[in-house]
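# Working through the structure, step by step
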Amino acid sequence: MSGPSDYQPSNPALQWIERRLPIIGLIHSSFVVYPTPRNLNYWWTFGAILSFMLGMQILTGVILAMHYTPHADLAFKSVELLVRDVNYGWLLRNMHACGASMFFFAVYVHMLRGLYYGSYKEPREVLWILGVIIYLLMMATGFMGYVLPWGQMSFWGATVITNLFSAIPYVGESIVTLLWGGYSVGNPTLNRFFSLHYLLPFLIAGVVVLHVWALHVAGQNNPDGVEPKTEKDTVPFTPHATIKDGFGVACFLLLYAWFIFYMPNYLGDADNYIPANPGVTPPHIVPEWYYLPFYAILRSIPNKLAGVIGMFSAIIILCFLPWLDSARTRSSKYRPLAKQFFWIFVVVCILLGYLGAQPPEGIYVIAGRVLTVCYFAYFLIVLPLLSRIETPRPVPNSISEAVLAKSGKAVASIAVALVAAGALFVGTLQDARAEEGGTKPPGNSWSFAGPFGKYDRGALQRGLKVYKEVCSNCHGLSYIAFRNLAEAGGPGYSTAQAAAFASDYKIKDGPNDAGDMFERPGRPADYFPSPFPNEQAARAANGGAAPPDLSLITKARSYGRGFPMFIIDFFSQYQEQGPDYVSAVLQGFEEKVPEGVTIPEGSYYNKYFPGHAIKMPKPLSDGQVTYDDGSPTTVAQYSKDVTTFLMWTAEPHMEARKRLGLQVFVFLILFAFLMYFTKKKVWADSH
Amino acid sequence: MNPDASTIAAGAPIEVDLSPVAEGQDIKVFWRGKPIYISHRTKKQIDEARAVPVASLPDPQSDEARVKSGHEQWLVVIGICTHLGCIPIAHEGNYDGFFCPCHGSQYDSSGRIRQGPAPANLPVPPYQFVSDTKIQIG
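Residues numbered from 1 in each chain as written. Chains lettered and ligands numbered in written order. Predicted model: local features only at pLDDT ≥ 70, side-chain atom pairs only at ≥ 80, totals over all residues. Heavy atoms only, no water.

## Looking at the overall build of chain B
Looking only at helices and strands, chain B features three helices and 10 strands. The linear arrangement of helices and strands in chain B, starting from the amino end, is α-β-β-β-α-α-β-β-β-β-β-β-β. Reported as C-alpha extents along the three principal axes, the dimensions of chain B are approximately 45 × 35 × 25 Å. Here chain B holds 138 residues, and 44% of them are scored as buried. Partitioning the contacts of chain B with sequence separation of at least 6, the portion at a separation of at least 24 is 51%. Entry remark: accessible area of chain B is about 6,100 Å², with carbon and sulfur atoms responsible for 53%. Computed over 12 positive and 15 negative side-chain charges, the inter-centroid distance for chain B is 3 Å. (Helix = DSSP H or I, 4+ residues; strand = E, 2+ residues; numbered from the N terminus. Buried < 20%, exposed > 50% of the residue type's maximum accessible area, 1.4 Å probe, protein only. Contact = heavy atoms within 4.5 Å. Areas by Shrake-Rupley, 256 points an atom, 1.4 Å probe, with all protein chains shown as cover. Lys, Arg positive; Asp, Glu negative; His and termini not counted. Charge placed at Lys NZ, Arg CZ, Asp CG, Glu CD.)

Given below as structure tokens:
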């Protein structure tokens with residue numbers, strides 16, 4: 001994209017095309033011979049990582065859309081069935097959901113790199129503003145994508161965010177109605193969000209082309225912030241930058257794969273495994289981690305309109321950065337004061353993110369206000385002031401001079417620090433679910449925990465028995481079909497056993513030729529019948545509290561791990577909050593209500609249930625279910641077995657996920673090493 | 001992109017029978033996808049709502065203006081927090097009214113904002129009494 005190319009293909013067919021459409025020349029001049037500064041560090045590989053992630057999101061998204069149903073009554077179920085029944089559906093979904101987080105993680109690194117090295121300064125203002133536009137589009141896309149699974153957090157996130165627009169004077173309410181396509185968030189809203197979520201990534205791709213175009217006109221900035229002057233200052237894009245980017249992507253993939261295969265729900269919210277319910281608001285509405293700093297700004301301003309304006313200006317202000325910071329020295333490497341303030345700014349952003357996940361009360365509100373002021377002060381006071389008063393250190397005359405003077409840098413330690421900071425940032429989400437007035441459930445040793453975890457077949461079979469004899473009287477299991485019992489990674493029954501199991505059930509079918517519904521024995525393809533015909537009936541039969549469907553219960557329940565446990569969890573792969581909670585609730589019934597706790601009529605005291613008053617009477621007692629294999633018939637054993645079974649119903653492909661994860665990791669580590677040594681070889685003469 | 005004809009049609013007025021709602025109880029009905037709280041207020045709740053000086057409220061409105069005269073015991077409000085749209089819980093908070101669990105806004109027994117980040121009172125939907133025990137919302 002840097003002017004007419006003198007590239008001439010040798011193949012006559014390509015020559016024929018080239019004379020009519022010089023596209024090969026364009027690619028050649030942009031991505032092969034394009035001169036790239038030779039002092040670029042690994043922070044510059046995030047551009048390639050982002051392009052890769054955009055491609056990944058579009059690819060997985062297009063395939064997911066083939067299996068998704070954008071309807072308020074069906075969306076949640078279609079996502080669940082996609083994960084269960086589509087070939088590698090669980091992988092696609094994890095890649096797309098974790099991919100969104102990784103995309104944002106990479107974009108934040110990319111933006112902070114631009115901020116640190118002054119990449120927004122003349123002549124790269126348009127390049128920078130295009131980047132801010134991409135970021136805004138990404139935020140809109142990410143938000144609408146989060147609505148599509150139509151869980152509780154999807155629904156209430158959509159409600160809260162669309163309501164932001166109602167703060168606009170005079171036209172606010174009409175804008176909100178327009179966004180909803182109705183009088184509240186509902187089916188029309190879901191449909192238009194799906195349409196826009198499919199459209200926006202292609203707009204992003206378009207703006208990315210402009211972004212790269214502008215980059216190739218102005219040339220890349222570099223850590224020293226001096227423009228390349230002679231040929232000695234640059235190296236050709238291919239192979240130098242290509243292979244370095246390849247190594248960067250490979251390392252990034254390792255982090256990405258960690259989430260996909262081992263921590264797929266670490267970044268999500270358990271509430272989003274509960275189907276959307278317009279009548280019940282979750283106790284804490286928390287956006288995805290990448291919006292948290294802006295959410296904190298919104299909440300710390302007490303006036304609604306001012307809060308919304310504050311939140312949007314926090315992003316828009318980036319567009320004015322090239323003019324707010326008028327310092328002539330680009331790179332903070334040579335700006336001793338700017339460098340310190342930059343790191344303070346990073347800390348402010350992370351703390352704002354932490355506060356965004358906390359309940360808005362007491363000290364958190366005050367801290368939020370202080371940090372909001374700090375955030376804006378950085379752009380409006382610190383940067384303009386620094387550009388006037390700071391005395392920068394002398395910059396090198398040329399890039400090659402800087403490279404020669406360069407001492408060894410601890411890139412690895414920075415990367416580790418970055419991962420830790422990222423984990424801290426995203427883990428704040430986990431914290432939001434704490435403080436709901438329940439005792440923390442004790443940990444258990446689950447056979448399915450950890451990177452090599454597998455379900456205990458015996459426990460699955462016993463758990464199924466407990467479910468069938470006890471739980472199924474009130475609780476449905478509507479996402480599980482009898483055929484699943486015979487699938488690999490499950491309880492290990494044969495197809496014939498699953499069919500026999502199914503035939504014990506009466507399934508409602510019809511209408512027949514006479515137009516009547518009739519009952520027939522179950523077949524393997526049938527799903528477990530629910531004990532109540534609808535939610536209202538379930539509610540009426542159980543004193544006003546409908547027993548939840550258990551298919552997803554171990555993923556839909558969680559508890560706050562608190563600081564610093566959530567950081568340790570990232571490394572230890574602890575994912576078993578849900579099973580720990582379920583098993584604790586089953587064993588948490590106590591006859592004697594402690595002092596100071598009042599339990600309403602018709603409720604029971606449970607030590608681990610939030611609020612302690614549970615409508616479910618103690619379901620299990622010793623000896624209630626007989627076991628054939630000699631396992632102890634105690635409440636503790638029943639709880640453990642049924643919880644293991646319910647973990648399997650929530651994630652029937654967990655064993656496949658962990659097995660594939662191991663293979664992917666072995667491959668990626670080898671690949672990263674190969675890339676690294678190739679890169680070393682390619683760059684041997686350039687350093 | 002405005003609401004289509006079927007959505008508008010489904011938003012037609014609804015009638016609600018109040019006779020099963022005992023004093024001190026409240027019910028939640030859905031109209032246009034929005035939860036509407038209908039509270040049968042106790043004498044204490046009405047007195048509390050009327051005792052507070054109107055001028056001291058963040059969004060000044062008298063209790064009389066928010067209920068239908070002759071039916072003071074009935075409070076009908078849209079149960080959507082005016083802050084960011086969560087659903088407040090009835091009979092909670094310090095004002096014998098509603099408490100929003102999302103960001104801590106508290107409304108009194110007349111549905112007026114008393115504390116927290118919400119800017120306005122819970123809106124009163126258009127409704128009228130068709131008989132002493134039946135209202136039409138919309």
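## Focus: the sheet that holds strand β7 (residues 106-107) of chain B
The four strands lie next to each other as β5-β6-β7-β8 (chain B), forming an open sheet whose pairing is antiparallel. Looking at strand neighbours, the two that pair on one side only are β5 (89-92) and β8 (113-115) of chain B, the edges of this open sheet. (Pairing = 2+ DSSP bridges.)

## A short note on the packing of aromatic side chains
Two descriptors summarise a pair of aromatic rings, namely the distance from one centre to the other and the angle between the planes of the rings. Residues and elements named next belong to chain A. Scanning all chains against the criterion turns up 61 aromatic pairs over all chains. When the ring of Y116 is compared with that of F342, the centres are 4.9 Å apart and the planes differ by 70°; the resulting orientation is edge-to-face. Of this pair, Y116 sits in helix α5 (residues 89-116) while F342 sits in helix α14 (residues 336-356), and the two are 226 residues apart along the sequence. F342 shares its class with Y116; the two are buried. (Phe/Tyr/Trp six-rings, centres within 6.5 Å; stacked < 30°, edge-to-face > 60°.)

## Considerations on the domain arrangement of chain A
Domain boundaries in chain A define domain 1 (1-30), domain 2 (34-399 + 411-433 + 661-683) and domain 3 (457-480 + 527-652). Domain 1 of chain A and domain 3 of chain A are separated by 65 Å when their C-alpha centres are compared. (Domains from an automatic or database assignment.)

## Quick look at the pattern of salt bridges
Side-chain pairs of opposite charge can arise whenever the charged atoms involved come near each other. Scanning the model with the defined rule gives 28 salt bridges over all chains in all. Between E655 of chain A and R457 of chain A there is a salt bridge, with its nearest N and O atoms 2.9 Å apart. Note that E655 of chain A is positioned in helix α25 (residues 654-683) and R457 of chain A in helix α18 (residues 457-469), a separation of 198 residues in sequence. For E655 of chain A, a relative accessible area of 7% translates into the label buried. Where R41 of chain B meets D63 of chain B, a salt bridge forms, and the shortest distance between an N and an O atom there is 3.0 Å. A residue pair is termed long-range when its members are at least 10 positions apart, and R41 of chain B in the loop between β3 (34-40) and α2 (43-51) and D63 of chain B in helix α3 (residues 63-66) qualify at 22 residues. Each of the two residues, R41 of chain B as well as D63 of chain B, counts as buried. Salt bridges here are not isolated pairs; linked through shared partners, they connect K121, D325, R335 and E390 of chain A. (Salt bridge = Lys/Arg side-chain N within 4 Å of Asp/Glu carboxyl O.)

## Looking at the state of the cysteines
All names here are of chain A. Taken as a whole, this structure holds zero disulfides over all chains when the rule is applied. With no disulfide of its own, C319 lies closest to C349 among cysteine sulfurs, the gap being 16 Å. For C319, a relative accessible area of 17% translates into the label buried. (Disulfide = S-S within 2.5 Å.)

## What about the interface of chain A and chain B?
The interface is formed by 26 residues belonging to chain A together with 22 residues belonging to chain B. Summed over both partners, the interface of chain A with chain B comes to about 1,900 Å²; 62% of that surface belongs to carbon and sulfur atoms. Put simply, chain A and chain B have zero salt bridges between them. Where the side of chain A that touches chain B is concerned, the elements lending two or more residues are α7 (152-164), α8 (172-180), α9 (187-218) and α11 (292-300) of chain A. Counting residues per element, the side of chain A that touches chain B draws most heavily on α7 of chain A, which supplies five residues. Of the residues that constitute the side of chain A that touches chain B, the class distribution is 15 nonpolar, eight polar and three charged. (Buried area = accessible area lost by both parts, 1.4 Å probe. Nonpolar A, V, L, I, M, F, W, Y, C, P; charged D, E, K, R; others polar.)

## Points about the side chain of D569 of chain A
By the secondary structure assignment, D569 of chain A is in helix α22 (residues 565-572). Its relative accessible area of 1% is what places D569 of chain A among the buried residues.

## Here we look at the sheet that holds strand β10 (residues 134-137) of chain B
All names here are of chain B. Ordered in space as β1-β10-β9, the three strands form an open sheet in which the pairing is antiparallel. Looking at the sheet topology across the chains shown, the edges are occupied by β1 (14-17) and β9 (127-131). On average, adjacent strands in this sheet sit at an angle of 30° to one another, irrespective of strand direction. (Axes fitted to C-alpha atoms, helices over the stretch in contact; angles between N-to-C directions.)

## Things to note about α11 of chain A
The α-helix winds at 3.6 residues per turn, so residues separated by three or four positions along the chain end up facing the same way. Counting buried positions along α11 of chain A yields nine of nine residues, so the element is predominantly enclosed. Residues of α11 of chain A that are buried: L292, P293, F294, Y295, A296, I297, L298, R299 and S300 of chain A.

## Things to note about the pairing of strand β2 (residues 26-31) of chain B
Residues and elements named next belong to chain B. In terms of strand pairing, β2 meets β3 through six bridges, oriented antiparallel. Bridge pairing in β3 links F30 to P35. Between β2 and β3, which follow one another and run antiparallel, lie two residues, and R32 among them has a positive phi close to 55°.

## A short note on unusual backbone geometry
Residue and element names in this part refer to chain A. Between T238 and P239 the backbone carries a cis peptide bond, its omega angle lying at 5°. By the element assignment, P239 lies in helix α10 (residues 237-262). Residue G510 is joined to P511 through a cis peptide bond whose omega torsion reads 0°. Backbone geometry places W150, a non-glycine residue, at a positive phi of 60°. The topology assignment puts W150 in the loop between α6 (125-147) and α7.

## Some points on the nonpolar core
Residues and elements named next belong to chain A. The biggest cluster of nonpolar side chains holds 136 residues, and the ones touching the most others in it are F104, Y135, Y256, F259, F294, Y375 and F379. Here this core takes 16 residues from α5, the largest share from any one element. In this structure, this core is formed jointly by two domains, domain 2 (34-399 + 411-433 + 661-683) and domain 3 (457-480 + 527-652), each of which donates at least three residues. Ignoring anything within four residues of it in the chain, the contact list for F104 reads Y135, M138, M139, W289, Y290 and Y291. (Core = buried A, V, L, I, M, F, W, Y, C linked by side-chain atoms within 4.5 Å.)

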